[in-house]
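Read off the chains here:
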Amino acid sequence: MSDIRVRIAPSPTGPLHIGTARTALFNALFARRHGGTFILRLEDTDVARSTTAFEADILDGLHWLGLGWNEGPNVAGGDDHGPYGPYRQMQRLERYAAATAALLARDLAYPCFCTPDELEADRTAQEAARRPPRYVGRCAALTADERASRVAEGRLAVTRFRVPPGVIGFEDAVRGRVEIDTANLGGDFVIVRADGTPLYHFTVVVDDAAMRISHVIRGEDHLSNTPKHILLFRALGYPEPVFAHLPLILNPDRTKMSKRKSQTAISDYIAQGFVREALVNYLALLGWSTGTEEEILSFDEIAARFDLDHVQKGGAVFDRERLEWLNGQWIRRLDDEDLITRLEPFLEAEHVAGRIDRTPTGDEIRTVLPMIRERLPTLGAVGELIGFLWVDDLRVEADALPPRRWDPATTRDGLAAARDVVAGTSPVTFEADELEPPMRALAEARGWKAGDLFMAIRVAVTGRTATPPLFDTLVALGRERVLARLDRAIATLSGGAA
RNA sequence: GCCCCCAUCGUCUAGAGGCCCAGGACGCCACCCUUUCAAGGUGGAGAUCAGGGGUUCGAAUCCCCUUGGGGGCACCA
């Protein structure tokens, strides 16, 4: 292993977000490409919003994507592994406390007694004066006596980091040189809350240093905050990692992708039947490219080609249609047993939802695989596609039965004639090859267009106008059920209720 | 308001001075295949490379300005 160490540091305050997954993927790819270590650290210092359920969703989602980590939590709410643990920030409080004490001792940070109301008033005044919001420094120069008296009053203090004047510059691995004047950082910022819990900008630096992170690869939304982190790295005497800021994933209106405007939870994509290969492939190509025209690529193939130089700088709109296309590509590439395994939970769900009457066996799924493979944009589409195979009591409305060019009477005649053809076939073999010729002959004999006859049969036995090839469908249904469904349709058209 | 980042077909992108009056993919439109739906094949429409100045024999590629878009500025992460 090289000394390249990268991490994904999600906050368990929501389900695994597509943006977090993409950042995790890029970090994992970078680690794989360079033989480095990929670390997962949970940033759970927002105790009020963090939950074990979200933690589980994040861990499960990352595992599902195939993005395993070399160091980090093992299970939600459980223990972890790796030489730099623990990997949950709330279990690392003493480290932040020590770092805080060090900063306080050197007066690089100070206690601030300003109340939320005072700060709010400051911000309101600044906004009214059309000035950028920043901490005014009311507590920056308090004497020891003044601090003591405030403490005596029982007032709680946060800890603020002193932002020194100057320009902070760094070499971003995707954007090149970036320079920001510390005067634009918003003043001395809070690193520890009044209740003693540390804040993100502080913990991220303490931990990235403690965990020996060599490359911080994260979203562009952190670019402006990077000077704060660099200031902290320096104040604490830690070496600075290399920073790489990835372009944001955007809503169709080009704003930062959000739950309000897009589907952002990975679990939702999983539930709809997207396969990991497609998601990984799609996400990798969102903001990065091989530099060639290759595009259907596995994680390993991408990792072999991955580099930060080809990372795009501008944000990328999330295009679900392209994801669906890629998903279809990957579904077609899965081998039979794999596809069956992945389809099973979706068929099970169809059953549970009551849309089909039983869950088909693996063997049953295997027999229909050739006719559905090319027709599945997602695994979740399987019910719509062939659910009619496992419905006991299919009923089709009379209005739906006639093909475009046929009237009800013709349709009834056509179905009756078709029924005779089916009835005349051998009950033992019942193959598509022995069904099609006589049906075509029938259509020709009666002067019907074969397509119309086929459509009438299709709707009668499946209830749908779009299905896999008709004769394969009839075979899958079986002779007896085809006869029964044709009978019922004929009865329906005859005015009976069957 | 201030700071930072960004800017090639509707979308994802190739392009690191001449190979580009800009290539690929998704989507869209035709046609082929075809019993429907897909898949697949072929072809097409679609970007004066945001605009304007430079630099250069030559710029999508380098520089500047403008415009536009985005992000950040919490006792959220």
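Calculation notes
- Every chain's residues receive numbers from 1 upward, in the order its sequence appears when written.
- As they are written, the chains are lettered A onward and the ligands numbered 1 onward, keeping that order.
- Where totals are concerned, whole chains, interfaces and linings use all residues; where local detail is concerned, this predicted model gives features only for residues with pLDDT of at least 70, and gives and counts side-chain atom pairs only at 80 or more.
- Side-chain measures here rest on the full set of heavy atoms in the structure, leaving out hydrogens and waters.
- The numbering of helices and of strands both runs from the N terminus, where a helix is a DSSP run of H or I of at least 4 residues and a strand a run of E of at least 2.
- The rule is simple: take the accessible area with a 1.4 Å probe, protein chains only, and divide by the maximum for that residue type; under 20% is buried, over 50% is exposed, in between is partly exposed.
- Any two residues whose heavy atoms approach within 4.5 Å are treated as being in contact.
- The protein chains shown are the only cover counted for residues, whose accessible areas, like all others here, come from Shrake-Rupley with a 1.4 Å probe.
- Only four residue types enter the charge count: Lys and Arg as positive, Asp and Glu as negative, with His and the chain ends excluded.
- Positions of charges follow a simple convention, taking NZ of Lys, CZ of Arg, CG of Asp or CD of Glu.
- Here a residue is near a molecule or strand as soon as one of its heavy atoms is found within 4 Å of it.
- Pairs of N or O atoms are called polar contacts if they sit within 3.5 Å, as long as, within protein, a hydrogen donor faces a hydrogen acceptor (for residues adjacent in sequence, only side-chain-to-side-chain pairs).
- Only Asp, Glu, Lys and Arg are considered charged, only Ala, Val, Leu, Ile, Met, Phe, Trp, Tyr, Cys and Pro nonpolar, and every remaining residue, Gly among them, polar.

Chemist: Is there a simple way to think about the overall build of chain A in this case?
Modeler: Tallying secondary structure elements over chain A gives 19 helices and 13 strands in all. Taken along its principal axes, the extent of the C-alpha atoms in chain A is 105 × 50 × 40 Å. With 498 residues in all, chain A has 48% of them scored as buried. Of the contacts made within chain A by residues no fewer than 6 positions apart, 73% connect residues no fewer than 24 positions apart. Total accessible area on chain A is roughly 22900 Å²; 51% of this is exposed by carbon and sulfur atoms. For chain A, the separation between the mean place of its 60 positive charges and that of its 72 negative charges on side chains is 4 Å.

Chemist: When you look at the environment of T52 in this model, what are you seeing that I'm missing?
Modeler: Within the secondary structure, T52 sits in helix 2 (residues 52-65). A relative accessible area of 48% means that T52 is categorised as partly exposed. Other than its neighbours up to four places away in sequence, T52 contacts A76 and G77.

Chemist: Even after reading the chapter, I still don't get the protein's contact with RNA strand B, so can you show me in this structure?
Modeler: Taken together, 68 residues lie near RNA strand B, and D46, E374, R375, R440 and R458 sit nearest. Within 4 Å of the protein, the atoms of RNA strand B are drawn from sugar and phosphate moieties in a proportion of 74%. The separation between a sugar or linking oxygen of RNA strand B and a polar side-chain atom of N225 is 3.3 Å. Note that a sugar or linking oxygen of RNA strand B is positioned 3.2 Å from one of the side-chain N or O atoms of E295. Breaking the surface near RNA strand B down by element, the ones donating at least two residues are helix 4 (116-128), strand 6 (158-161), strand 8 (176-181), helix 6 (200-210), strand 13 (316-317), helix 11 (320-333), helix 17 (450-462) and helix 18 (470-477). Top contributing element to the surface near RNA strand B by residue count: helix 11, with 5 residues. In the surface near RNA strand B, the residues fall into 25 nonpolar, 20 polar and 23 charged.

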